[in-house]
Amino acid sequence: MTASIIDGKAFAAELRGKVAGHVARLAADHGVVPGLAVVLVGEDPASQVYVGSKGKMTVEVGMRSFTHRLAADTDEARLLGLIQTLNNDPEVHGILVQLPLPAHLDSDLVINAIDPAKDVDGFHISNVGLLATGQKAMVPCTPLGCLLMLRAHHGSLSGMEAVVIGRSNIVGKPMAQLLLGESCTVTMAHSRTRDLAAVVRRADIVVAAVGRARMVPGDWIKPGATVIDVGINRVDAGEGKTRLVGDVDFDSAAAVAGAITPVPGGVGPMTIACLLANTVTACCRAHGLPEPEGLTV
Ligand code: NDP
């Protein structure tokens, strides 16, 4: 193996430590405690786990956690009413609606009902527009985590060739915007891209956000490139067990890359840490206080 491992778990622990420090200072100097409200509609088991760990980590860094669990058949008016209440609640600085929502609810409508200043997922159309135009936004957590790790690893990314595989609103598109903001030359690839292997081979930075187990083999990677693997795929591990793998074939990629994030233990832990960081940023903005450095871009 030639690649160094980008340890997302360690980065995330460091970021949570910074967040906890800022939370303590906000309380001591200004009497302000950041609060994060998470709304879960229905009983999707994976969402239940995510919401549980978000609540736990919110409390661990000293913030207030408000969890709202609504029945799967909750109607739009009830959900929009709750979002309005949270928008108006001065103790709530961040609001996250856990996706996916049940099919009868319109996710775009619901997300766009959140006050953009409290939209810590960065999915509100205003934040998408602010990010695209290079203005101060709430930045989506997963791409923010990827960028913080890339910056820590490389310092300046200016002039680097970056290829983002995947064009979702949650990961691929905001990731490309962030890399463009760092003055990378950015290519966005997707399911219709011709000769994906040749496109990826140009990249100094590869971000894979596809959702297909180990689809990027090592011989697509330029020697020395940095590989950020966002994918989370559950595969058969034999004997009735399963395990998580990324979108990149780790072993063959690590033999040629300069640096690579593992799955698990790479991008995943950074996502929740960035959610906490965004909540502190939103709280500082709401109170007109200086924003702590290193929590956002
Ligand atoms: P989406 O399904 O929304 O998007 C997948 C993208 O991959 C699409 O743009 C699609 O292209 C593209 N794609 C599909 N097949 C191919 C192919 N054969 N070649 C090239 N591109 C392809 O997924 P998400 O962006 O939401 O998530 C991507 C992965 O990241 C998933 O594994 C998910 O679990 C993981 N994830 C991890 C997070 C973390 O915290 N670590 C957070 C969020 C997601 P097209 O648009 O043409 O269909």
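Scroll up to find the structure this text is about.
From a predicted model like this one, the values you see are computed outputs, not experimental measurements. (Residues numbered from 1 in each chain as written. Predicted model: local features only at pLDDT ≥ 70, side-chain atom pairs only at ≥ 80, totals over all residues. Heavy atoms only, no water.)

A word on the sheet that holds strand β2 (residues 35-41)
So, point 1. Reading across from one edge, β3-β2-β4 is the order of the three strands in this open sheet, with parallel pairing throughout. Of all strands in the sheet, those bounded by a partner on one side alone are β3 (64-70) and β4 (94-97). Going from strand to strand, the sheet's axes swing by 15° on average, the running direction of each strand aside.
So, point 2. The pairing of β2 with β3 spans seven bridges and is parallel. Considered in β3, the bridge of Val 39 is made with His 68.
So, point 3. Each of β2, β3 and β4 touches helix α2 (residues 45-60); the most contacted strand, β3, lies at about 160° to it. (Pairing = 2+ DSSP bridges. Helix = DSSP H or I, 4+ residues; strand = E, 2+ residues; numbered from the N terminus. Axes fitted to C-alpha atoms, helices over the stretch in contact; angles between N-to-C directions. Contact = heavy atoms within 4.5 Å.)

Regarding the site of the ligand
So, point 1. Around the ligand, 21 residues are found, and the nearest of them are Arg 167, Ser 168, Ser 191, Ile 232 and Thr 271.
So, point 2. Thr 271 is positioned with one of its side-chain polar atoms (N or O) 2.8 Å from an oxygen atom of the ligand.
So, point 3. Computed on the free molecule, the ligand has an accessible area of 930 Å², of which 69% lies beneath the protein chains in the complex.
So, point 4. Element by element, the count of residues in the shell around the ligand is highest for helix α10 (residues 267-286), at three residues.
So, point 5. Within the shell around the ligand, the residues separate by chemical class into nine nonpolar, 10 polar and two charged. (Near = heavy atom within 4 Å. Polar contact = N/O pair within 3.5 Å; in protein donor to acceptor, adjacent residues only side chain to side chain. Areas by Shrake-Rupley, 256 points an atom, 1.4 Å probe, with all protein chains shown as cover. Nonpolar A, V, L, I, M, F, W, Y, C, P; charged D, E, K, R; others polar.)

Let's talk about unusual backbone geometry
So, point 1. Here the residue pair Leu 99 and Pro 100 is connected by a cis peptide bond, since its omega of 0° sits within 30 degrees of zero.
So, point 2. Its location among the elements puts Pro 100 in the loop between β4 and α4 (107-111).
So, point 3. Residue Val 263 is joined to Pro 264 through a cis peptide bond whose omega torsion reads -5°.
So, point 4. Within the secondary structure layout, Pro 264 lies in the loop between β11 (259-260) and α10.
So, point 5. The phi dihedral of Arg 214 falls on the positive side, at around 50°, and the residue is not glycine.
So, point 6. Within the secondary structure, Arg 214 sits in the loop between β7 (205-208) and β8 (226-229).

With respect to the pairing of strand β10 (residues 241-245)
Along a regular strand, successive side chains alternate from one face of the sheet to the other.
So, point 1. The pairing of strand β9 (residues 233-238) with β10 spans five bridges and is classified as antiparallel. Note that in β10 the partner of Asn 233 across the bridge is Val 245.
So, point 2. The antiparallel pairing of β9 with β10 creates a hairpin that spans two residues between the two strands, and Glu 239 there sits at a positive phi of about 50°.

A word on the pattern of salt bridges
So, point 1. With the rule as written, the count across this model stands at six salt bridges.
So, point 2. The partner of Glu 91 in a salt bridge is Arg 64, with the nearest N and O atoms 3.9 Å apart. Taken together, the residues Glu 91 in the loop between α3 (76-88) and β4 and Arg 64 in strand β3 connect sequence positions 27 residues apart.
So, point 3. Lys 222 is the salt-bridge partner of Asp 204, the closest N and O atoms lying 2.8 Å from each other. Linking Asp 204 in the loop between α8 (196-201) and β7 with Lys 222 in the loop between β7 and β8, this pair joins segments that are 18 residues apart in sequence.
So, point 4. By sharing partners, the salt bridges in this structure join Lys 136, Arg 285 and Glu 291 into a single network. (Salt bridge = Lys/Arg side-chain N within 4 Å of Asp/Glu carboxyl O.)

A look at helix α6 (residues 141-154)
So, point 1. Compared with an ideal rise of 1.5 Å per residue, which puts 14 residues at 20 Å, α6 spans 20 Å between its outermost C-alpha atoms and is within 8% of the ideal.
So, point 2. Within α6, 10 of the 14 residues are buried, which leaves the element mostly enclosed by the surrounding structure.
So, point 3. The complete set of buried residues in α6 reads Cys 141, Thr 142, Pro 143, Leu 144, Gly 145, Cys 146, Leu 147, Leu 148, Met 149 and Leu 150.
So, point 4. Looking at the buried residues of α6, the elements they touch are α1 (8-30), α7 (172-181), β7, β8 and α10.
So, point 5. Positioned one or two residues after α6, Gly 155 has a phi angle of 75°, which is positive. (Expected span 1.5 Å × (residues − 1). Buried < 20%, exposed > 50% of the residue type's maximum accessible area, 1.4 Å probe, protein only.)

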